[in-house]
Structure formats: structure tokens, C-alpha cells
Amino acid sequence: MATFQPLPGFRDFYPEDLAKRTHIFRLWRQTAAAFGFAEYDTPVLEPLDLYRAKSGDEIEAQLFSFTDKGKREVALRPEMTPSVCRLVGERAGALKRPIKWFSIAEFYRYERMQKGRGRCFHQFNADVFGEPGPEAEIELIALLVQCMRAFGLTQKDFCVRLSDRNLWFHYLGSLGLDDARIRALLGAIDKYERSGHEAFKPYEDAFGPLPEGLKDKVLAFLAIRSFEELESALGADPAAGTAARLADWRKLLGGLSAMGLADYIQVDLGVVRGLAYYTGFVFEAFDRKGELRALAGGGRYDDLVGKLGGSELPAVGFAIGDMTFALLLEERGLSPAVAAAPDVYCVIGGEAERRAAFADIHRLRSGGYRVEYPLKELAFGKQFKAAAESGARLALIYGGDELARGVVKMRDMGTRTEREFPASEVEASVRGFFAGP
Ligand code: HAM
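I will try to describe carefully the structure that is included in this document. On a predicted model such as this, the values are computed, not experimentally measured, just so you know.

What follows covers the sheet that holds strand 12 (residues 344-348). Across the sheet, 5 strands lie side by side as 13-12-14-15-16; this open sheet has mixed pairing. A strand with exactly one partner marks an edge of an open sheet, and here the two such strands are strand 13 (371-372) and strand 16 (418-422). Relative to strand 14 (residues 394-398), strand 12 runs parallel, the two being bridged by 5 bridges. Opposite Y345, over in strand 14, you have A395 as the bridge partner.

What follows is about the site of the ligand. Taken together, 27 residues lie near the ligand, and E79, T81, E111, D127 and Y278 sit nearest. Interatomic distance of 2.6 Å between a side-chain N/O atom of Y278 and a nitrogen atom of the ligand. L295 places a polar main-chain atom, nitrogen or oxygen, 3.1 Å from an oxygen atom of the ligand. The protein chains hide 96% of the 660 Å² of surface that the ligand would expose on its own. For the shell around the ligand, the secondary structure elements donating two or more residues are strand 6 (120-129), strand 10 (296-300), strand 11 (315-321) and helix 12 (322-331). When grouped by side-chain class, the residues that make up the shell around the ligand number 11 nonpolar, 10 polar and 6 charged.

Our next topic: the pattern of salt bridges. Taken as a whole and judged by the stated rule, the model has 35 salt bridges. When the shortest N-O distance is used, the salt bridge between R72 and D68 registers 2.8 Å.

Looking at the element boundaries, R273 is found in the loop between strand 8 (265-267) and strand 9 (281-287). Within the local environment of R273, its side chain forms a polar contact with the side chain of E284, the two groups lying 2.8 Å apart. Ignoring any residue separated from it by four or fewer positions in sequence, one finds R273 in contact with R165, D190, Y278, V282, F283, E284, G297 and G298.

Rules and cut-offs
Residues numbered from 1 in each chain as written. Predicted model: local features only at pLDDT ≥ 70, side-chain atom pairs only at ≥ 80, totals over all residues. Heavy atoms only, no water. Pairing = 2+ DSSP bridges. Helix = DSSP H or I, 4+ residues; strand = E, 2+ residues; numbered from the N terminus. Near = heavy atom within 4 Å. Polar contact = N/O pair within 3.5 Å; in protein donor to acceptor, adjacent residues only side chain to side chain. Areas by Shrake-Rupley, 256 points an atom, 1.4 Å probe, with all protein chains shown as cover. Nonpolar A, V, L, I, M, F, W, Y, C, P; charged D, E, K, R; others polar. Salt bridge = Lys/Arg side-chain N within 4 Å of Asp/Glu carboxyl O. Contact = heavy atoms within 4.5 Å.

These figures come from the coordinates and say nothing about function on their own.
Structural data, given as C-alpha cells:
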């Protein structure tokens, strides 16, 4: 018989896998709520044009796209950012600012598969709209850090690498490069850490060889790892725009420091981000050991809402992926234990006892207790074994003898002690047991 596997890069979630995923989503939701972010969602299938020339060549090449029966060109969403820009753009006038929104959703990219990368994955997205200053970045980077700390991860496990496409534009412009060359060079810088000098090939194919002096300057700027190095690279007397930008840097780093998060931040001009729409600060979260692909990425994209047809609206945000994040939790032993044990297991005699038990079972379940019982009649021995294996803390025993006397027996599965109580007091007795002495 033929068996069907999920498509390459797609995952099935068995209950124990889904329990882990649900736990991750629950803590992300709680954290976002603590920061005052509101949850939204969008369709999985979008018009192809939403991504064309907006997300960048790499994502465009990875789209799952097709023509639907109405001859529309459509794509499964590869990311949330263009969709959320549409939502916010449409109601920009009516929404109270700053707009702080988050979502947890599934995305599709036809990628080469590797550890922590699939073709179908989830992201937690958080974005702030309507705030042009670095105050928005402080809020978001603090949220990003807390989304990881909530699981017990610390500054020993991960860091947020912080960079600035705005300063890269200033710097490469001051070296005489035009916009097209700057964008192509940023593409090379994005790939440099993994591909080395090979990364410059697409630039050189398009614009000819990069003069050695210029390449050295690019590599020196890319190697900057502290704010002090950044200040001195820009010179004692930077241009007015650059000086204002350095003031933004001071505000951002000062704010994060005041929140007690300085140890999580690593200035790193080698980060420029692969997506085309970023305009300012950009950041990525990585595991400290450098064993995994990026945990999260984001940055400022002040032009995108306007480009997608809404009014101009400054924006900044990030997304955490669930795959590398789950791997990191697993490696650090921080994955949750899957607790699926019932509170109560009912051991039931014959058909008549079953009817008495059902009334209690339904009442207890309605009261929020997790209650299980054997779906089919079983010998008492087998039922007690099932009760022990289930991990339930309490067994209720509905035997013919007990019911004839108008009582139900309760066994504490931990201490193995038993006591009886009137059949009419089951709910109160269970409640008393779980409330403790
Ligand atoms: P991104 O860097 O493309 O940014 O993705 C963010 C995170 O999603 C990555 O760091 C990674 O953890 C996860 N991710 C991306 N692709 C895959 C994949 N194929 N398999 C597994 N995980 C993956 C964005 O998507 C931006 N839209 C983020 C953003 C929100 N910028 C502003 N707001």
C-alpha cells in the first residue's frame, strides 16, 4: 500500500510536538500582551504582486505561487510584513498611534532545506507603526529579548546583533557609490559572513571589479563591533545627517541599557538583512555558540506602507522563527515537559455503574477537571493499571458493591490511600481533594 509523506520541508505535528509548539506560542502571546501589543491575522494566500519587488529577489525566488481558477496570480505568504502594511495602511487615519501589533502565523518559502530551515514554518511578528524615532526600536528589541528570556534563555544563550542600513547608505554614499551600487553591495555584505569573498561576485558581475581600496574600506566598516568603533570610523566631525544618526544610536543603546538589557546587545555592522525594504536600524538574534541559523530578524522599514498604497507611515518590527528557536530550547534543555495527565481516572464496574459514573464525569469535566475513563468495559485490574499509567492523581471507583451502598470510593494515586463518601458528594469531594488540606 502506498504511504503518503508530507512534502519536503513540511512538518506533521504529533500531539507531543504540538504541545511544545503550543507552549512556545502561549509564552510569546503572554509576553506580547505584557508589552501592550494587540493580535491580528491575515490570509495565507495573497496576490503575488504584494511581494513582487517589495520583499527582495531572494524571497521572490522562493515563493510558492500559482494562478488560481479565476486566473489571478497568487502566492502563499512568505512573510507577514507586506500584509500587515496593507492592514495598517487601509486604516492608518483611524488607528490610535503608536500602533503596536503582533501575530503568530504560518509561512511558506521554497528554500533549500537545512537544519532549522523548512519550507513551511511559523513566525511571531511584532511591529510598531507611527513612531519615527528609536523609541520604537527600544520597545521592539526589549520585546524580542523578553520573548526569549521568558523560556529561561539568558545572555549566555543568545544575543541581538544591531546594525544600521541608514549609516551604511551614508558611508557608501560618501565613498562615491550610487543607489544601485549601494544596494548591490549591501546584498554582498549580507552574504559575506557565510560566503566570504564569493559574496561580492554578483556585484562585480553587474558593476565590474570592486577597487581593492574600496573593498578594504567596506570590510573595515563591516568589522565594526562597538559604538565607539562606529563613532571613530565616521570621523571626529561627521556630516550633519550622520551626527543626528549617532544621537539616535546613543538614545537606542541608552534606552536598552536602562532596561537592563545591555548584555544582550552586540553592535555588529556585518548585519544588513537580506530583505530589500529596510531603511534604518536592523537587527538579528543569534545563539551565542553560532551553531544555528538566525533566531529572529527585523528592522525599520519607513517606506513600505506608502509603497503598498497606504499613506506614509514609519514602521519597525521583527519576526522570530519557531524552528531555530525550538532547536535552541531543546539544546539547552528548556523544552517543556509535556504534561498530558488527567486529574481523575474513573474505574467503573458494569453498565449500571457506568450510567452513575457518566453523570459525575460530565459534571466534573464541566467544572474544568480533566477526567478520563475506559471507553469499553474492562476488568478492574486492567482499569487500575490504566489509571496508574495515565498519571492521574485521583481514581474514582464505581463498583457494584459501592453503588449498592450509595457511595463512591476515592483513591489517592500518590499515597494509595482510599476513602468512601456519599455518591451525591462526588464533585465536592474531588474539589476538596484538589484544593488540598
Ligand atoms: P526574516 O529574517 O526573513 O525576516 O525571517 C525572520 C525569522 O524567520 C528568521 O530569523 C528565521 O528564524 C525564520 N525563518 C525565515 N525563513 C525560514 C525558513 N525557511 N525556515 C524556518 N525559519 C525561517 C522576515 O520575515 C521579516 N518579515 C521580519 C520583519 C517583521 N521585519 C519587520 N517586521
